[in-house]
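Chain residues, written in single-letter form:
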Amino acid sequence: MKIIIATNNPHKTEEIKNFLKAILLKFIPWQTCIKEDIKETGNTIEENALIKARFLKEKVDGIVIADDTGLFVEYLNGQPGVYSARFAGENATYEDNNKKLLKLLEGVPYEKRKAYFKTVIAVVEREKETLLEGKLEGYILDRPRGKNGFGYDPIFYVDDLEKTLAELTMEEKNKISHRANALVKLKNYILQRLGEK
Ligand code: IMP
């Protein structure tokens, strides 16, 4: 069984490989297969994950996986959602995106600042397409806290832990994160496929 990860992001490839290494599969990183950028033209993160996985499926033989993540803020009707990476514009930095979000939530009380991260992993093999989902619920603070992580981590507060994601170590984040939850499902999917052989 061959698994191909549809991502240009070496950190993501590493993270996924690390998660799955116990299953000892042969991996071909995306970069060694294809060098093009895929336009994420979907209206949802589910569509974007499928677009990426289907694109690569046409070019390689094996199980193709691709993921997409978004931050969904209840008070903003799910924004930034599918636009999380480019919320403050096409070339926006993480800081730009966080600033825009904090501005939009200015004066909004804590209990109305509920949000969740959602990661979707699309698994495409032969005619079969499967979507696996992982979520993490929390609140958007009114200012950044912590130095770890990336993206919206410094303003995303996890009530149970009384910390933002940027105040957690990577190990701590990887125990609870949306991406980790989706990766557990991917692991189970692959284990089940191996069992079918
Ligand atoms: P991607 O689909 O994984 O590239 O994620 C899209 C965008 O969502 C990123 O550019 C980040 O702004 C944000 N994001 C994704 N995962 C995380 C996370 O674990 N913490 C904070 N922000 C994230």
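Preceding this section is the structure that the text describes.
Residues numbered from 1 in each chain as written. Predicted model: local features only at pLDDT ≥ 70, side-chain atom pairs only at ≥ 80, totals over all residues. Heavy atoms only, no water.

(A) Summary view of the overall build of the protein. Secondary structure summary: the protein contains six helices and eight strands in total. Listing every helix and strand of the protein by position from the N terminus yields β-α-β-α-α-β-β-α-β-β-β-β-α-α. Projecting the C-alpha coordinates of the protein onto the three principal axes gives extents of approximately 55 × 30 × 25 Å. A separation threshold of at least 6 residues defines the contact pool for the protein, and within that pool the share at least 24 residues apart is 58%. In the structure as shown, the protein presents an accessible area of about 11,000 Å², 50% of it carried by carbon and sulfur atoms. If the 33 positive side-chain charges of the protein are averaged to one point and the 31 negative ones to another, these points end up 3 Å apart. (Helix = DSSP H or I, 4+ residues; strand = E, 2+ residues; numbered from the N terminus. Contact = heavy atoms within 4.5 Å. Areas by Shrake-Rupley, 256 points an atom, 1.4 Å probe, with all protein chains shown as cover. Lys, Arg positive; Asp, Glu negative; His and termini not counted. Charge placed at Lys NZ, Arg CZ, Asp CG, Glu CD.)

(B) Region of the structure containing unusual backbone geometry. P80 follows Q79 through a cis peptide bond whose omega is -5 degrees. Residue placement: P80 occurs in strand 4 (residues 80-81).

(C) Broad picture of the pattern of salt bridges. Summed over the entire model, instances satisfying the criterion amount to 10 salt bridges. Taken together, the shared-partner salt bridges in this structure form one network comprising E40, K52 and D68. (Salt bridge = Lys/Arg side-chain N within 4 Å of Asp/Glu carboxyl O.)

(D) Inspection of the site of the ligand at higher detail. Neighbouring the ligand are 14 residues; T69, D153, K173, H178 and R179 lie closest to it. Between the ligand and K173 there is a distance of 2.8 Å, counted from an oxygen atom to a side-chain nitrogen or oxygen. At 3.0 Å, a side-chain N or O of H178 approaches an oxygen atom of the ligand. Given that more than half its atoms are within 2 Å of the pocket grid, the ligand belongs to the largest pocket. Counting residues per element, the ones that place at least two in the shell around the ligand are strand 3 (63-73) and helix 6 (178-196). Of the residues that constitute the shell around the ligand, the class distribution is five nonpolar, four polar and five charged. (Near = heavy atom within 4 Å. Polar contact = N/O pair within 3.5 Å; in protein donor to acceptor, adjacent residues only side chain to side chain. 1 Å grid on protein atoms, 1.4 Å probe; cavity = no way out; pocket = protein on both sides within 12 Å on 5 of 7 lines; lining within 4 Å. Sits in = over half its atoms within 2 Å of the grid points. Nonpolar A, V, L, I, M, F, W, Y, C, P; charged D, E, K, R; others polar.)

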